[in-house]
4 protein chains.
Amino acid sequence: MIILPYVRKAQFYETDQMGVIHHSNYIRWFEEARVDFMRQIGFPYERVESMGITFAVLGLSCEYRASVLFGDTVRVQVEMKACSHSRMTIGYDVADEATGEPRTTGETHHFFFKKKNARPVSLKRAIPELYDIFCSLIP
Amino acid sequence: MIILPYVRKAQFYETDQMGVIHHSNYIRWFEEARVDFMRQIGFPYERVESMGITFAVLGLSCEYRASVLFGDTVRVQVEMKACSHSRMTIGYDVADEATGEPRTTGETHHFFFKKKNARPVSLKRAIPELYDIFCSLIP
Amino acid sequence: MIILPYVRKAQFYETDQMGVIHHSNYIRWFEEARVDFMRQIGFPYERVESMGITFAVLGLSCEYRASVLFGDTVRVQVEMKACSHSRMTIGYDVADEATGEPRTTGETHHFFFKKKNARPVSLKRAIPELYDIFCSLIP
Amino acid sequence: MIILPYVRKAQFYETDQMGVIHHSNYIRWFEEARVDFMRQIGFPYERVESMGITFAVLGLSCEYRASVLFGDTVRVQVEMKACSHSRMTIGYDVADEATGEPRTTGETHHFFFKKKNARPVSLKRAIPELYDIFCSLIP
């Protein structure tokens, strides 16, 4: 399965007075790319939620290499970094769409839990098909 | 009853590349001031919601007179403009805290509905005490 | 000249605890659609700015008809409402992409000014070609 | 020198459809607290910028321990973690103001550069007084 990059224009309201995209927005772009990634692998959030499972964000990190400007188009490449029964790590690589030059990289850490009672759950047991896809995508 | 202005610092992440607070943020400041207003009159959102009632935003308008800069402190004066059984209009006056100079004015229009079934409700019947406060605050 | 609608997915981070897109985000979607509109008519913001002219937001209004949910795709139709030498009004019609059902409508009011000295300017004199396009698009 | 915590109310527009503050907002709270920290030590951003120096964000990390809800008040304790001639790391500890219970921790990494030419600069040479304060605050 090949994951296509998520493509996105940088918006005016995302700039700050330094004239660049404010660093907090990349966290939101990671989320957009993650949502798109789930769609690509056939498990959009709605479907996972309808199965009673949710992913919470446990932590994240982000490294800024170069600025993105209003009007730039970026592509965000999502990569599964790790997956266990209870947790996963997703990586993000943001690059300029036109030149391919790197902009930002990051990771988000998640754990799986039941919506009903907010208790941790084994994804392998709850949605084995999704667990297998996650594992198969780890390079 | 005297409604005190809501005081607030303009944040760096709220600026845009023109070097001023992006115009979309005032809508959020109106909400912050509205939440504070409800607290001041003794009906914080939590209390109203616990009574099964919610306010939805029907519409809004905003006029920009002068820019707010990062680091400026503003005060938002809330004023009840109108209230009927089913609807209300709240006005906002944003001014520089230091100089009193006008920055932005706006209005939000709301209607009242039951949380349980999302149906419109008469505030006068549902929470008469709150309805009376709203009416008493119209200048 | 036919202006195509701007198409956009509603994002998770744009929701609020009522389970719908927070009303402040529509102001940002209007801006995205406006930027796209300028691109469609051959005058992207960068080009207008490189000619020394900028549009400031003087005011706006917004009416909410129905909620947008996370995962919904909307289309925003931009329409020139009015244009004078010094000002213009742009209208926005947000509808569900799948069903065409109305979601939100709004307007933004702008005036034209010189970047160099922040003084009002006649668009008709500064960029007559753009002024003519704006006028030709008023229905 | 004792750094006081930065106190802040969680806003309605910062919630998401899970009913909690969306994780991207903590990055913005870190910035608010950082701005307040600079003010406390006598070097507000405006002053540093007027000396021709700026801090860029190189990277950040964030760990989420427990959710913050609309209406909660949090305090953000800022702590200098490291400082060299060219870089610094700042830590953040977000806790519930009422109970002291931990909510989120994080770090941001910065480097110093000249505004004029965007080149890295030695803070020790550019603003030795500020460099000394940063160093003295490392526990």
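For the structure given in this document, a descriptive report is provided here.

Calculation criteria
- Residues numbered from 1 in each chain as written.
- Chains lettered and ligands numbered in written order.
- Predicted model: local features only at pLDDT ≥ 70, side-chain atom pairs only at ≥ 80, totals over all residues.
- Heavy atoms only, no water.
- Helix = DSSP H or I, 4+ residues; strand = E, 2+ residues; numbered from the N terminus.
- Buried < 20%, exposed > 50% of the residue type's maximum accessible area, 1.4 Å probe, protein only.
- Contact = heavy atoms within 4.5 Å.
- Buried area = accessible area lost by both parts, 1.4 Å probe.
- Salt bridge = Lys/Arg side-chain N within 4 Å of Asp/Glu carboxyl O.
- Polar contact = N/O pair within 3.5 Å; in protein donor to acceptor, adjacent residues only side chain to side chain.
- Phe/Tyr/Trp six-rings, centres within 6.5 Å; stacked < 30°, edge-to-face > 60°.
- Lys NZ or Arg CZ within 6 Å of the ring centre and 35° of its normal.
- Pairing = 2+ DSSP bridges.
- Least-squares fit on C-alpha atoms with pLDDT ≥ 70 in both.
- Nonpolar A, V, L, I, M, F, W, Y, C, P; charged D, E, K, R; others polar.

1. What to know about the overall build of chain A
The secondary structure content of chain A amounts to 4 helices and 5 strands. Starting at the N terminus and ending at the C terminus, chain A contains elements arranged as β-α-α-β-β-β-β-α-α. Each principal axis of the C-alpha atoms in chain A carries an extent, and together these give about 45 × 30 × 20 Å. For chain A, with 139 residues in total, the buried portion stands at 53%.

2. Examining the interface of chain C and chain B
Listed by partner, the interface residues are 20 residues for chain C and 20 residues for chain B. Buried surface at the junction of chain C and chain B, both sides included, amounts to about 1600 Å², of which 56% is carbon and sulfur. The tally of links from chain C across to chain B stands at 0 salt bridges. The tally of links from chain C across to chain B stands at 10 residue pairs in polar contact (both at pLDDT 80 or more). For the side of chain C that touches chain B, the secondary-structure elements that each account for two or more residues are helix 1 (25-40) and strand 2 (53-64) of chain C. If one sorts the elements of the side of chain C that touches chain B by residue count, strand 2 of chain C sits on top with 9 residues.

3. Quick notes on the packing of aromatic side chains
Under the criterion given, the structure shown has 40 aromatic pairs over all chains. Measuring from ring centre to ring centre gives 4.5 Å for F30 of chain D and Y92 of chain D, while their planes differ by 10 degrees; the resulting arrangement is stacked. One end of the pair, F30 of chain D, is in helix 1 (residues 25-40); the other, Y92 of chain D, is in strand 4 (residues 87-96), with 62 residues separating them in the sequence. Neither residue differs from the other here; F30 of chain D and Y92 of chain D are each classed as buried. Grouping aromatic residues by their ring pairs yields a cluster made of F12 and F70 of chain A together with F37, Y45, F55, F112 and F134 of chain C. Here the basic side chain of R47 of chain B rests over the ring of F43 of chain B, its NZ or CZ set 4.0 Å away from the ring centre.

4. Describing the pairing of strand 3 (residues 73-83) of chain C
Residue and element names in this part refer to chain C. Both strand 1 (residues 6-9) and strand 3 contribute to a ladder of 4 bridges, which runs antiparallel. The partner of V7 across the bridge, within strand 3, is R75. Where strand 3 lies against strand 4 (residues 87-96), 9 bridges are found, and the strand directions are antiparallel. Residue C83 lies in a different strand from strand 4, and its bridge partner there is M88. Connecting strand 3 to the next strand, strand 4, in antiparallel fashion are 3 residues.

5. Focus on the relation of the copies chain D and chain C
In this arrangement, two copies of a chain are superimposed by a rotation about an axis accompanied by a shift along the axis. Note on the copies: chain D fits chain C at an RMSD of 0.0 Å, the axial shift is 0.0 Å, and the rotation between them is 180 degrees. Each copy turns onto its partner about a two-fold axis.

6. A word on the interface of chain D and chain C
If you look at the interface, chain D gives 9 residues, while chain C gives 9 residues. Summing both partners gives a buried area of about 860 Å² for chain D against chain C, and 61% of it is carried by carbon and sulfur. Taken together, the links from chain D to chain C amount to 0 salt bridges. Across the side of chain D that touches chain C, the residue classes break down as 4 nonpolar, 4 polar and 1 charged.

7. Digging into the side chain of E14 of chain C
All names here are of chain C. Tracing the chain through its elements places E14 in the loop between strand 1 and helix 1. According to the relative accessible area criterion, E14 is buried, its value standing at 2%. Side-chain polar atoms of E14 contact the backbone nitrogen of Q11, separated by 2.9 Å. Among residues more than four places away in sequence, those in contact with E14 are R8, K9, V20, I21, H22, N25 and W29.

Shape descriptors only; they carry no functional weight alone.
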